[in-house]
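The residues making up each chain are set out below.
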Amino acid sequence: MKELVIVSGKGGTGKTSMAASLASLAAPVVLADCDVDAADLHLVVEPRINSRNDFLCGSKARIKPGHCTACGKCEELCRFDAIFYDGPGNGRVARTFRVDSLACEGCGVCADYCVEGAIEFKPVVAGQWFVSTTKYGPMVHARLAAAAENSGKLVTQLRQTAQQMVQSQGLELVICDGSPGIGCPVIASLTGASLALIIVEPTMAALHDFERIARLTVRLGIPALLAVNKADLNKELAERLETAAVAVGIEPAGRVPYDPEVTRAQIAGRSVVEASAGPAAEAVRALWQRVNGRLQGCAESQAGGLVQMGVKQ
Amino acid sequence: MIVAIASGKGGTGKTTVAVNLAYLAARSGRATAYLDCDVEEPDGHVFLRPEIEEQQPIEKLVPTVDPERCTYCGACARVCRFGAIASLPKQTVIFSELCHACGGCRLACPVDAIREVPRTIGILRRGHSGEIRFLEGVLNVGEAMSPPAIRAVKAAAPKDAELILLDAPPGTSCPAVETVRGCDYVVLVTEPTPFGLNDLVLAVEMVRALRRPFGVVVNRADVGNGRVREYCAGQRIPMLGEIPDDRAAAEAYSRGQMLVEAVDGFAERFGSLLARLVERKA
């Protein structure tokens, strides 16, 4: 089983549009939308949801106002500025302490050291994840609650489920739509994958960001390909990006020209290779040939690799 | 006044809005600071080209175990909610990338075998670009957790600046929350496409959960459709401004130029956006 992860460093370079197009060219495949913060792939692949599951993300503290004696120990111990002295009074004290659940990181130290036992520490539901069917094959995706934490752990959950589906359905490939950046959800998406496809636009900002995501793939030992989107916007920078890629062992796999058909396809809720025969669609088809060729020589996806970075409950 | 420039979706133009606003605010005589809180991929420097005066490491406290004292009782591993400590029969192993620096293990150790030591997770760079004071956090490649680096950038904000612009990371989870927390106002930048709308709705949920006042800027305003504007009107979200989709602007951006300097008409557009922003909280 192979796993292709689409990443970018910088956001908004066209990862999701690319994921939808590659899925339609590679079908049947398992799709995983690992951009759990801002999941958009469902808007173009129209999943039919078969099962919904709660995502439990560890616990958060809550102070029971009736039991708080306002001693202040919790505020003293909290390293995350999550405890405020503005809770309601309770007959014994005029004010109590209160936990800001959005600032609480779930370490549990306040609950462990409250002598009154006034602090509850319970698991919270931080979102939902779904197993669905699309016309390209099964899909796993999620909706993280607003302002929630542990997106890396949710990504790990999605990838593990996607890998099980590949096996149970006799398929060969998982395509993961990753998130921007180089932090926790991106590391959780890449660790142990067969191949990364890095999508960039030819801009100075992207050149800077590319260098960082490229170093991350090298560090994690994941082979990578580069695709330059909207390449005609600045041909000189497209070349500089490709040169920078070659210098770190990342093979340029193609350029996609700017084409208004891409946005039109998104509005129509379709992938560009299905909605158009224009220059972008043609370039994506050629790109898929190279990505697919390269995938054949890549290692099987290492599900076990996830455990290293996956945040333990 | 502290204003965060945020978005659910990546690549909508947060940095473009933040650096151009900073430029115009400073030019109009306001003491202005630009803080790049997108520590995973900080790009503001590409446009502002600051002179860096000072660099210092960003550190996070992580535990270290004194093997002379440790009895391998496992109390530290049991209390760690992040799976960052493994207690083996003859060894206590710390996974510092997973550590949230809560200090719980040190408190739990019955024999005082744990000390907390600083570990470098990134760099804080301080300088100026013309009259704009510039600060950025750069997370080390391979570090998973950006919130401690974002906290370090925000803590270093100049106290005497009239306008502090925070360039936020994309998304709606911990890094974006850490940036937006405690701000006076949030500008959400989006584009009028289905992806832009979907992610705007998520970003609105986030800023509402954080109880911050906010408004929306629509970038590449003439691509896509009218659904973002309909959504904002229906939700009574103030529309702060629109930036047109302009080939000359896209090319200037690609070269790392400031739109207000490089492209005709953009100084006026960003000027009225700045005026609207400052009026709201002046």
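The following paragraphs examine the structure supplied in this document. (Residues numbered from 1 in each chain as written. Chains lettered and ligands numbered in written order. Predicted model: local features only at pLDDT ≥ 70, side-chain atom pairs only at ≥ 80, totals over all residues. Heavy atoms only, no water.)

## A look at the overall build of chain A
The number of helices and strands found in chain A is 12 helices and 11 strands. Counting only C-alpha atoms and orienting by the principal axes, one finds that chain A spans roughly 75 × 40 × 35 Å. Here chain A holds 313 residues, and 58% of them are scored as buried. In chain A, 77% of the contacts between residues at least 6 apart in sequence involve partners at least 24 apart. Element-wise, carbon and sulfur atoms account for 50% of the exposed surface of chain A, whose accessible area totals about 12,000 Å². Taken together, the 31 basic and 32 acidic charged side chains of chain A have centroids lying 3 Å from each other. (Helix = DSSP H or I, 4+ residues; strand = E, 2+ residues; numbered from the N terminus. Buried < 20%, exposed > 50% of the residue type's maximum accessible area, 1.4 Å probe, protein only. Contact = heavy atoms within 4.5 Å. Areas by Shrake-Rupley, 256 points an atom, 1.4 Å probe, with all protein chains shown as cover. Lys, Arg positive; Asp, Glu negative; His and termini not counted. Charge placed at Lys NZ, Arg CZ, Asp CG, Glu CD.)

## Focus on the packing of aromatic side chains
Taken as a whole and judged by the stated rule, the model has four aromatic pairs over all chains. Both rings, one in B:Tyr34 and one in B:Phe134, keep their centres 5.8 Å apart while their planes meet at 20°; by these two values the pair is stacked. Of this pair, B:Tyr34 sits in strand E2 (residues 32-36) while B:Phe134 sits in strand E7 (residues 132-139); the two residues are 100 residues apart in sequence, bridging distant segments of the chain. Residue B:Tyr34 shares its accessibility class with B:Phe134, and that shared class is buried. The cationic tip of A:Arg95 hangs over the ring face of A:Tyr85; the distance from NZ or CZ to the ring centre is 4.0 Å. (Phe/Tyr/Trp six-rings, centres within 6.5 Å; stacked < 30°, edge-to-face > 60°. Lys NZ or Arg CZ within 6 Å of the ring centre and 35° of its normal.)

## So, helix H1 (residues 14-27) of chain B
Residues and elements named next belong to chain B. Taking 1.5 Å per residue as the helical rise, H1 with its 14 residues ought to reach 20 Å, and the 20 Å between its terminal C-alpha atoms agrees with that figure. With 12 of its 14 residues buried, H1 lies for the most part within the structure. At the C-terminal side of H1, Gly29 shows a positive phi close to 95°. (Expected span 1.5 Å × (residues − 1).)

## Brief notes about the sheet that holds E7(B)
Strand pairing in a sheet relies on backbone hydrogen bonds. The paired strands run either parallel or antiparallel. Residue and element names in this part refer to chain B. Pairing in this open sheet of nine strands is mixed, and the strands run E3-E6-E7-E2-E8-E1-E9-E10-E11 from one edge to the other. Edge positions in the sheet fall to strand E3 (51-65) and strand E11 (239-242), since each has one partner strand and no second. Shown here is a sheet whose adjacent strand axes are inclined to one another by a mean of 20°, direction ignored. Where strand E1 (residues 2-6) meets strand E8 (residues 163-167), four bridges bridge the pair, whose relative direction is parallel. (Pairing = 2+ DSSP bridges. Axes fitted to C-alpha atoms, helices over the stretch in contact; angles between N-to-C directions.)

Such coordinate-based values are descriptive only and should not be taken to indicate function.
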